[in-house]
Structures are given as structure tokens and as C-alpha cells.
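Reading the structure
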Amino acid sequence: MQQHGNYMQEAIALANRNIENGGGPFGALIVRKGEIVGRGGNQVTMLNDPTAHAEVMAIRDATKTLGTYNLSDCVLYTTCEPCPMCMGAIYWARISHVYYGNNRKDAANIGFDDELIYRELALPINQRSVLMEPLLSEDAISTFKRWQEMPDKKEY
């Protein structure tokens, strides 16, 4: 348990350094077999990139370090409960264990409220506030068929 606390302390220190550098109050790191392989701080405003959350940045760093998109043997330490976007990235990266400090209510209390997204995702697609409508589905399906028929594709 002590080692987990040490990693979380490192994520907290990363968040504090990130604040000092003009970023958001979030830090994350990824550990594989006792070694930190990825670090990230929230850089949304620094990069003008709404996807530059700490967890996503740490995943990007870890995949670059390890040369793989599969982080199933890694653990994520993050200073806050991941938002829906970051949870999607965590699932795609196959990270099986996440330790977090603050929760989503703590984040909402300082202006980082994801509740709208949680509510929207629970709605049927035609009831969401972002208009979603199919277009050229018959044409687009050809790319899936092409992929499905490729004998040498790299599955993920």
C-alpha cells in the first residue's frame, strides 16, 4: 500500500508543477512493473486541446515509451476520478486498475463539472443535445468491409 501512496504523491506533485506551469490542477502517471512509464498534466489551455487531460497525456507518454497501445499490464494513478473521455481512453488502452485522489464532486466544486456528459451519454442518441445523424452509411460501411477482409491487419 505504501508504494501506491508514493505513486499518488508523485501524481499530486505533478499536478502542482502543472499548475505552476499554467496548466490545470490535474496530474497522472502510469506505472508498469514498479517503473513510471508515463506522466501527464492537464494541458488543455496550454495546448488549446480539449483532449489534453492528464490521463490522456500520461497514456500518450506511456504508449510512446513502451511502443505499444496495450497498457494492460500498467496501473494509472491520477489526482482525480477520470472524466468520461479519459475513462474511454483508459478502456481503449486496456488499463485494468486506476487509483484516484479527488472525486468528480470535488472537481465540480472547483468548476470542472462533467455531470452534463454523464447525463448525455445515458440518453438515447436522438435525445442528446449534440445533434447526431447518420450520413452516407451505405458508403461508409465499405471501409469496415475492407478492414474485415484484410488478411494481414493488426487487430486491436
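This text gives an overview of the structure that appears in the document. It should be emphasised that the depicted structure is a prediction, and the values quoted were computed from it without experimental measurement. Chains are numbered independently. Their residues run from 1 in the order of the written sequence. Where totals are concerned, whole chains, interfaces and linings use all residues; where local detail is concerned, this predicted model gives features only for residues with pLDDT of at least 70, and gives and counts side-chain atom pairs only at 80 or more. Here the side-chain values reflect all heavy atoms present in the structure, with hydrogen atoms and water set aside.

1. What about the pattern of salt bridges?
A pairing counts as a salt bridge when a side-chain nitrogen of Lys or Arg comes within 4 Å of a carboxyl oxygen of Asp or Glu. Counted under the stated rule, the structure contains six salt bridges. With its nearest N and O atoms 3.2 Å apart, the salt bridge here joins Arg104 to Glu81. Taken together, the positions of Arg104 in helix 5 (residues 104-109) and Glu81 in the loop between strand 3 (74-80) and helix 4 (84-93) put the pair 23 residues apart, joining distant regions of the chain. Each residue's exposure class comes from its accessible area (1.4 Å probe, protein chains only) as a fraction of the maximum for that residue type: buried when under 20%, exposed when over 50%, partly exposed otherwise. Look at Arg104 and you get partly exposed, because its relative accessible area is 33%. Notably, a salt bridge pairs Glu115 with Arg104, separated by 4.0 Å at the nearest N-O pair. Separated by 11 residues along the polypeptide, Glu115 in helix 6 (residues 115-122) and Arg104 in helix 5 bring together distant segments of the chain. Judged by relative accessible area, Glu115 falls into the partly exposed class, the value being 31%. Salt bridges sharing partners connect three or more residues here, namely Glu10, Arg17 and Arg39. Helix numbers and strand numbers start at the N terminus; a helix is a DSSP run of H or I with at least 4 residues, a strand a run of E with at least 2.

2. So, the side chain of His53
Within the secondary structure, His53 is located in the loop between helix 2 (44-47) and helix 3 (54-66). Throughout this description, a polar contact denotes any pair of N or O atoms lying within 3.5 Å of each other; where both atoms belong to protein, one of them has to be capable of donating a hydrogen while the other can accept it, and for residues adjacent in sequence the pair is counted only when both atoms sit in side chains. A polar contact is formed between the side chain of His53 and the backbone oxygen of Pro50, at a distance of 3.4 Å. Residue contacts are defined here by distance: any two heavy atoms, one from each residue, within 4.5 Å place the two residues in contact. Among residues more than four places away in sequence, those in contact with His53 are Gly41, Asn42, Val44, Cys83, Met85 and Cys86.

3. Here's the deal with the pairing of strand 1 (residues 27-32)
Burial of strand 1 is extensive: five of the six residues sit out of reach of the surface. Note: strand 1 against strand 2 (residues 35-41), six bridges, orientation antiparallel. Residue Val31 lies in a different strand from strand 2, and its bridge partner there is Ile36. We treat two strands as partners when DSSP finds at least two bridges between them. Connecting strand 1 to the antiparallel partner strand 2 that follows it, the hairpin turn spans two residues, and Lys33 within it adopts a positive phi of roughly 50 degrees. Summarising the sheet, strand 1 and strand 3 pair through five bridges and their orientation is antiparallel. By the bridge assignment for strand 3, Ile30 is matched with Leu76.

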